[in-house]
Amino acid sequence: MRGIKGKSAIVTGGGRGIGAEIAKRFGAEGAHVAIYDIDGDNSAAVARQIEEAGGHAQSTQVDLTDYRAVAVAVQKTHRTQGLDIVVNNAGWDKFIPFVDTTPEFWDKVIDINYRAPLNILHTTLPLLIANQVGRVVNIASDAGRGGSSGEAVYSGCKAGLIALAKSLAREHSRNNITFNVVCPGATETPLFRSFMDEVSNPDKLREAFRRAVPMGRLGEAADIPGAVVFFASDDAAYITGQVISVSGGLTMVG
Ligand SMILES: NC(=O)c1ccc[n+]([C@@H]2O[C@H](COP(=O)([O-])OP(=O)(O)OC[C@H]3O[C@@H](n4cnc5c(N)ncnc54)[C@H](O)[C@@H]3O)[C@@H](O)[C@H]2O)c1
């Protein structure tokens, strides 16, 4: 894709699942990838895979909910490889009916799904503004567009990520920084499998998810990176504040 080679991209939550596929795709396109994950072993393994395939990657173990730790990591990435592209991918949830959730659970969901992207954006934006160019892609969810039973707080955070991207797109278009959003639907990843492990009838639930998708299958992690890399590319230079679902037709918004 045009305009990715040689660029520096942070991918949060790149240690596994969708983030790992996004990181590998940026690596294959010739970007210098900085993988941020709380799981240092996983992120180091993904960085190694990218390097072994001939790409450039570094892994940083960081808790994205910790503002100061994020600020240190971002400064290091900027110092060592510059910064052009930011992908807010890390996320977390559990299926629990809202009335059964606790304020402690809300804090965890909000910290990982909303505060972590705020931490990343607040620490990276000044660097992108100084460059007068940049690309930001938030990974939200179809849950943030259409809601999702058992995921009320998470869905609110993901809707928040969409509004955040649109607001920052308005604030920073004159700085030549674009903000766009990719929304996966149900996608086979370790996170999704952890949901399935906790329900009493995983096969029935998986089948219900599958039937809800017009294309008749769940997503794979490798389905997601194409849209992300596109938004980061020169081909998307005149696209900002937009939301695209990569979910087999689950959500169709005009
Ligand atoms: N899998 C799905 O069905 C699905 C559907 C819609 C949206 N999404 C979104 O896609 C993104 C990726 O999800 P996934 O399914 O690949 O998840 P995953 O759990 O498989 O991977 C998420 C990664 O984020 C990392 N992470 C979590 N909290 C962190 C923290 N505080 N600091 C640093 N790293 C942290 C984890 O260690 C992990 O490597 C998330 O934003 C998720 O909400 C997933």
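Reading guide: rules and limits
- Along each chain, residue indices are assigned from 1 in the same order as the chain's sequence is written.
- In keeping with the predicted nature of the model, local features appear solely for residues at pLDDT of at least 70, side-chain atom pairs appear and are counted solely at 80 or more, and the whole-chain, interface and lining totals rest on all residues.
- With hydrogens and water set aside, each side-chain value is computed from the structure's full complement of heavy atoms.
- What makes a residue near a molecule or strand is one non-hydrogen atom of that residue sitting within 4 Å of it.
- Here a polar contact is recorded for every N or O atom pair within 3.5 Å, except that within protein the pair must consist of a potential hydrogen donor and a potential acceptor, and residues adjacent in sequence are included only if both atoms are side-chain atoms.
- Per-residue accessibility takes into account occlusion by the displayed protein chains alone, with areas from the Shrake-Rupley method and a 1.4 Å probe.
- Secondary structure elements are taken from DSSP: a helix is a run of H or I of four residues or more, a strand is a run of E of two residues or more, and numbering for both begins at the N terminus.
- Three classes are used, and their members are as follows: Ala, Val, Leu, Ile, Met, Phe, Trp, Tyr, Cys and Pro are nonpolar, Asp, Glu, Lys and Arg are charged, and the others, Gly among them, are polar.
- Only protein chains enter the accessibility calculation, which uses a 1.4 Å probe; a residue is then buried when its area is under 20% of its type maximum, exposed when over 50%, and partly exposed in between.
- Two strands are said to pair when DSSP picks up at least two bridges between them.
- Throughout, an axis means a line fitted to C-alpha atoms (over the contacting stretch in the case of helices), and angles, computed between N-to-C directions, take values from 0 to 180 degrees.
- Whether two residues touch is decided by their heavy atoms; if any such pair falls within 4.5 Å, the residues are in contact.

### What to know about the site of the ligand
Now for step 1: Close contacts around the ligand come from 27 residues, with Arg16, Asp37, Asn89, Tyr154 and Thr189 the closest.
Now for step 2: The contact in question runs from a nitrogen atom of the ligand to an N or O atom on the backbone of Ile38, over 3.1 Å.
Now for step 3: Lys158 is positioned with one of its side-chain polar atoms (N or O) 2.8 Å from an oxygen atom of the ligand.
Now for step 4: Contact with the protein chains removes 94% of the 830 Å² of surface that the ligand exposes when unbound.
Now for step 5: When residues of the shell around the ligand are traced back to their parent elements, those giving at least two are α1 (17-28), α6 (152-172) and α7 (190-198).
Now for step 6: The leading source of residues in the shell around the ligand is α7, at three residues.
Now for step 7: Among the residues making up the shell around the ligand, the classes are represented as 14 nonpolar, nine polar and four charged.

### Overview of the pairing of strand β6 (residues 177-184)
Now for step 1: Of all eight residues making up β6, eight are buried, and the element is well covered by its neighbours.
Now for step 2: Covered by surrounding structure in β6 are Ile177, Phe179, Val181 and Cys183 together with Thr178, Asn180, Val182 and Pro184, the residues of both alternating faces.
Now for step 3: The sheet contact formed by strand β5 (residues 134-139) and β6 spans six bridges and is parallel. Its bridge partner being in β6, Val137 is matched across the sheet by Asn180.
Now for step 4: Bridging between β6 and strand β9 (residues 243-246) involves four bridges; their strand directions are parallel. The residue of β9 that forms the bridge with Val182 is Ile244.

### Digging into the sheet that holds β9
Now for step 1: Pairing is parallel across the open sheet formed by seven strands, whose spatial order is β3-β2-β1-β4-β5-β6-β9. For this open sheet the edge positions go to β3 (56-61) and β9, each flanked by a neighbour on one side alone. Recorded for the sheet is a direction-independent mean angle of 20° between the axes of neighbouring strands.
Now for step 2: Pairing of strand β2 (residues 32-37) with β3 involves six bridges; the strand directions are parallel. Considered in β3, the bridge of Ala34 is made with Gln58.
Now for step 3: Packed on one face of the sheet, helix α2 (residues 40-52) meets β2 and β3 and runs near 175° to β3.
Now for step 4: In this fold helix α9 (residues 225-232) packs onto β4 (85-88), β5, β6 and β9, with an angle of close to 170° to the strand it touches most, β6.

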